[in-house]
Amino acid sequence: MIPDLPGVDRLITEFDRALRAVAGVHHAERPNPSAGLPEAEMSAESRDEAAALMRVNHVGEVCAQALYQGQALTARNPDTRESLRKAAQEEADHLAWSAERVRDLGGRLSLLNPVWYAGSLALGIGAGLLGDRWNLAFLAETERQVEAHLDGHLQRLSVEDARTRAIVETMRDDEARHRETAIGLGAAELPSVVRSAMRGMARIMTTLAYRI
Ligand SMILES: [Fe+2]
Ligand SMILES: [Fe+2]
């Protein structure tokens, strides 16, 4: 008889999640916000720029998957774990939508996705090991920075590109809610030196992801 191994099941589920995130084959639960909107007539330059920005966003979502995965694995409080699980599902929608949009725009996903994923998983587990308050603090700050970053993309995207904009706007609104949830669950305030280090890391990541 085959023994019941829930630990192995969980590991396989998590591994499957990781592979899907890296390969860009996630399925969204919510409809794509760009559905039903017309494709804009854009110059090749605007289109390439939008594809590169959405590649950067997809990388951000790959990292979000790994961060949430790492944090959910280590969170102690069941309420925290449940909130992380719910936010992670919305992040999975973002992952699917941004990958779809990159492909629609004729772009490709980042070749470095496995690297982003592994690094973020380690960070998520590290933050989780510090305890729920710091885990949530890290999450709240990440969401705040992503929200600001998406606002920056809305400035750069062509005003005619309604499809890309609809996706980015929905993602930004979700990230704001994730930040508020983390704060509501008792996130600590991160020291400013940590916040600056996170901004520095995000800058390196976004610069690389824009190109590779
Ligand atoms: Fe997201
Ligand atoms: Fe988020």
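1. Overview of the coordination of the iron ion (ligand 1)
So, point 1. Bound to the iron ion (ligand 1) are the protein donor atoms Glu61 (OE), Glu61 (OE), Glu91 (OE), His94 (ND1) and Glu175 (OE), situated 2.0 to 2.4 Å from the metal.
So, point 2. Counting residues between consecutive donors of the iron ion (ligand 1) along the chain gives the motif E-x29-E-x2-H-x80-E.
So, point 3. A separation of 4.0 Å is found between the iron ion (ligand 1) and the iron ion (ligand 2), both of which receive a donor from Glu91. Taken together, the residues span a long stretch of sequence, with Glu91 in helix H3 (residues 78-104) and Glu175 in helix H6 (residues 162-184) at a distance of 84 residues.
So, point 4. Residue classification places Glu91 among the buried positions, given a relative accessible area of 1%.

2. Quick look at empty space enclosed by the protein
So, point 1. By the definition in use, this model includes one cavity of 30 Å³ or more.
So, point 2. Roughly 50 Å³ of internal volume is contained in the largest cavity.
So, point 3. Around the largest cavity sit Tyr68, Ser83, Leu84, Ala87, Leu136, Leu139, His178, Thr181, Ala182 and Leu185, which together line it.
So, point 4. Where the lining of the largest cavity is concerned, the elements lending two or more residues are H3, helix H5 (132-156) and H6.
So, point 5. Broken down by class, the residue content of the lining of the largest cavity amounts to seven nonpolar, three polar and no charged.

3. Some words on a nonpolar patch on the surface
So, point 1. Taken together, Leu111, Ile204, Leu208 and Ile212 make up a surface patch of nonpolar side chains, about 360 Å² in accessible area.
So, point 2. Considering the arrangement of structural elements, one finds Leu208 in helix H7 (residues 192-211).
So, point 3. Judged by relative accessible area, Leu208 falls into the partly exposed class, the value being 34%.

4. Looking at the confidence of the model for the chain
The predicted structure's coordinates, where accompanied by low pLDDT, should not be read in detail.
So, point 1. Overall, the prediction assigns the chain a mean pLDDT of 85, with 88% of residues at 70 or greater.
So, point 2. Highest mean pLDDT in the chain belongs to H6 (94); lowest belongs to helix H1 (residues 6-23) (62).

5. Here we look at the layout of surface pockets
So, point 1. When its volume is computed, the largest pocket comes out at roughly 890 Å³.
So, point 2. Per-element accounting of the lining of the largest pocket gives the leading share, twelve residues, to H5.
So, point 3. Residues of the lining of the largest pocket, tallied by class, amount to 20 nonpolar, nine polar and eight charged.

6. Let's talk about the side chain of Arg101
So, point 1. Inspection of the secondary structure assignment puts Arg101 in helix H3.
So, point 2. In this structure Arg101 comes out as buried when scored by relative accessible area, which is 1%.
So, point 3. Apart from the residues lying within four places of it in its own chain, the contact partners of Arg101 are Glu39, Met42, Met54, Asp161, Arg163, Thr164 and Ile167.

7. Concerning the nonpolar core
So, point 1. Counting 18 residues, the largest nonpolar core has Tyr68 and Leu139 as its most contacted members.
So, point 2. Put simply, the parts of the chain that give this core at least two residues each are helix H2 (44-74), H3 and H5.
So, point 3. The element contributing the most residues to this core is H5, with five residues.
So, point 4. With residues near it in sequence (within four places) discarded, Tyr68 still touches Leu84, Ala87, Ala88, Glu91, Leu139, Glu143 and His178.
So, point 5. Membership of the second largest hydrophobic core comes to 17 residues, among which are Ala51, Leu53, Ala99 and Met171.

About the criteria used
Sequence order sets the numbering: in each chain, residues are counted from 1 along the sequence as written. Whichever chain is written first is A, and whichever ligand is written first is 1; the rest continue in order. Only residues with pLDDT of at least 70 get local features here, since the model is predicted, and only at 80 or more are side-chain atom pairs given and counted; chain-wide, interface and lining totals rely on the full set of residues. Computation of side-chain values: all heavy atoms of the structure, hydrogens and water removed. Nitrogen, oxygen and sulfur within 2.8 Å of a metal are treated as its donors, or within 3.2 Å for sodium, potassium and calcium (Na, K, Ca); water is not counted, so a site can appear incomplete. By the criteria applied, helices consist of DSSP H or I runs no shorter than four residues and strands consist of E runs no shorter than two, each listed in order from the N terminus. Buried, partly exposed and exposed residues are distinguished by accessible area as a fraction of the type maximum, computed with a 1.4 Å probe on protein chains only: under 20%, between the cut-offs, and over 50%, respectively. A cavity, in this analysis, means grid points on a 1 Å lattice covering only the protein atoms where a 1.4 Å probe fits yet has no way out; a pocket is instead an open set bounded by protein on both sides within 12 Å along at least five of seven lines, and a residue lines either one if it has an atom within 4 Å of a point. Grid points are joined across faces, edges and corners, and a volume is the space filled by probe spheres set on the points. Each residue is assigned to one class: nonpolar for Ala, Val, Leu, Ile, Met, Phe, Trp, Tyr, Cys and Pro, charged for Asp, Glu, Lys and Arg, and polar for all the others, Gly among them. Put simply, a patch holds well-exposed residues, over 30% relative accessible area, that have no salt bridge, with like charges counted together within 9 Å and Val, Leu, Ile, Met, Phe, Trp or Tyr side chains within 5 Å. Methods summary: accessible areas were calculated by the Shrake-Rupley approach with a probe of 1.4 Å, and residue burial reflects only the protein chains presented. Put simply, a salt bridge is a Lys or Arg side-chain nitrogen that is within 4 Å of an Asp or Glu carboxyl oxygen. Values of pLDDT, ranging from 0 to 100, describe the predictor's confidence in every residue of the model. Whether two residues are in contact is decided by their heavy atoms: any pair within 4.5 Å suffices. Here, nonpolar core refers to any group of buried Ala, Val, Leu, Ile, Met, Phe, Trp, Tyr and Cys residues whose side-chain atoms link them within 4.5 Å.

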